[in-house]
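Coordinate analysis (summary)
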Amino acid sequence: IVNSLSKAGEIADHIVEGLQMEDGSRATQAWESLWSMESRRKMAFYQFGAEMIAKMPLTTLQEFMRTFYALPAPLWKGFLSHRLSSPMLIPLAVMMFFLGNNELKKALVSELASPAGVKMFQAATAPIHTAEGRAPEVDAVMRRTPPQEPLKDVFRREQLGMGSLPSGFVDER
């Protein structure tokens, strides 16, 4: 949300320009400034990570967090602030893999075959398809459904604390 709000001025300019156009492409420039190819690649990576984290057992999640914050500060701070470019996500992912334990490595590799992993790969290779004159098969930002299931359906019981839920969660059992 903060990232989108930071682009508000640029998007407003594109909307004003679009309103002056007569060719039916009024929203295209605004949409492209908000969801550029770079933004879509980053969103696919974030969705991949969110879906992976939601599936992790508690011990693997703890290892993930330990490993993430053991990365060089510019990487984890850049990731959390949404200021890390998509090419820099590659060293972040590689370092997570090599610094993590075997359970984390297994989780990272197995998630690559998931729908989120496929979307991430398609988003990363979209510029190649576009340069070759072929449209990417699937857009990385899907508008029909949320990026993942509601948290109460995805989290494993052990992540929610065997009997009691963390503050902020409602027990619907």
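Residues numbered from 1 in each chain as written. Predicted model: local features only at pLDDT ≥ 70, side-chain atom pairs only at ≥ 80, totals over all residues. Heavy atoms only, no water.

Applying the stated rule across the entire model yields seven aromatic pairs. Ring geometry for Phe 45 against Phe 79: centres 6.1 Å apart, planes inclined by 75°, an arrangement best described as edge-to-face. One end of the pair, Phe 45, is in helix H4 (residues 37-55); the other, Phe 79, is in helix H6 (residues 73-80), with 34 residues separating them in the sequence. Of the two residues, Phe 45 and Phe 79, both sit in the buried class. Look at Tyr 69 and Trp 76: their rings are 4.9 Å apart centre to centre, the planes differ by 75°, and that puts the pair in the edge-to-face class. By way of ring pairs, the aromatic residues Phe 45, Tyr 46, Phe 64, Phe 68, Tyr 69, Trp 76 and Phe 79 are connected into one cluster. For the cation-ring pair, Lys 105 lies above Phe 97, with the distance from its terminal atom to the ring centre recorded as 5.4 Å. (Phe/Tyr/Trp six-rings, centres within 6.5 Å; stacked < 30°, edge-to-face > 60°. Helix = DSSP H or I, 4+ residues; strand = E, 2+ residues; numbered from the N terminus. Buried < 20%, exposed > 50% of the residue type's maximum accessible area, 1.4 Å probe, protein only. Lys NZ or Arg CZ within 6 Å of the ring centre and 35° of its normal.)

Contact pair helix H5 (residues 58-70) / helix H7 (residues 86-99): the axes reach a minimum separation of 9 Å and the direction vectors enclose 120°. With respect to each other, H5 and H7 are oriented oblique. Note on packing geometry: the crossing formed by H5 with H7 is right-handed. Contacts between H5 and H7 pair Glu 63, Phe 64, Arg 66, Thr 67 and Phe 68 from the former with Leu 92, Met 96 and Leu 99 from the latter. Classifying every residue of the contact of H5 with H7 by side-chain character gives five nonpolar, one polar and two charged. (Axes fitted to C-alpha atoms, helices over the stretch in contact; angles between N-to-C directions. Parallel < 35°, antiparallel > 145°, perpendicular 65-115°, else oblique. Left-handed = near helix turned anticlockwise from the far one by under 90°. Contact = heavy atoms within 4.5 Å. Nonpolar A, V, L, I, M, F, W, Y, C, P; charged D, E, K, R; others polar.)

Our focus in this paragraph is the pattern of salt bridges. The tally for this structure, following the rule as stated, stands at three salt bridges. Measuring nitrogen to oxygen at the nearest pair gives 2.9 Å for the salt bridge that ties Glu 38 to Arg 41. With a gap of three residues between them, Glu 38 and Arg 41 both fall in helix H4, about one helical turn apart. (Salt bridge = Lys/Arg side-chain N within 4 Å of Asp/Glu carboxyl O.)

So, about helix H2 (residues 8-19). It helps to recall that an α-helix has 3.6 residues per turn; residues three or four apart then point in one direction. Taking 1.5 Å per residue as the helical rise, H2 with its 12 residues ought to reach 16 Å, and the 16 Å between its terminal C-alpha atoms agrees with that figure. Looking only at H2, the buried set comprises Ile 11, His 14 and Gly 18. Looking straight down H2, one finds its buried side chains confined to an arc of 60°; they lie on one side. In this fold, the buried residues of H2 make contact with helix H1 (2-6) and helix H3 (28-34). (Expected span 1.5 Å × (residues − 1). Arc of directions from axis to C-beta.)

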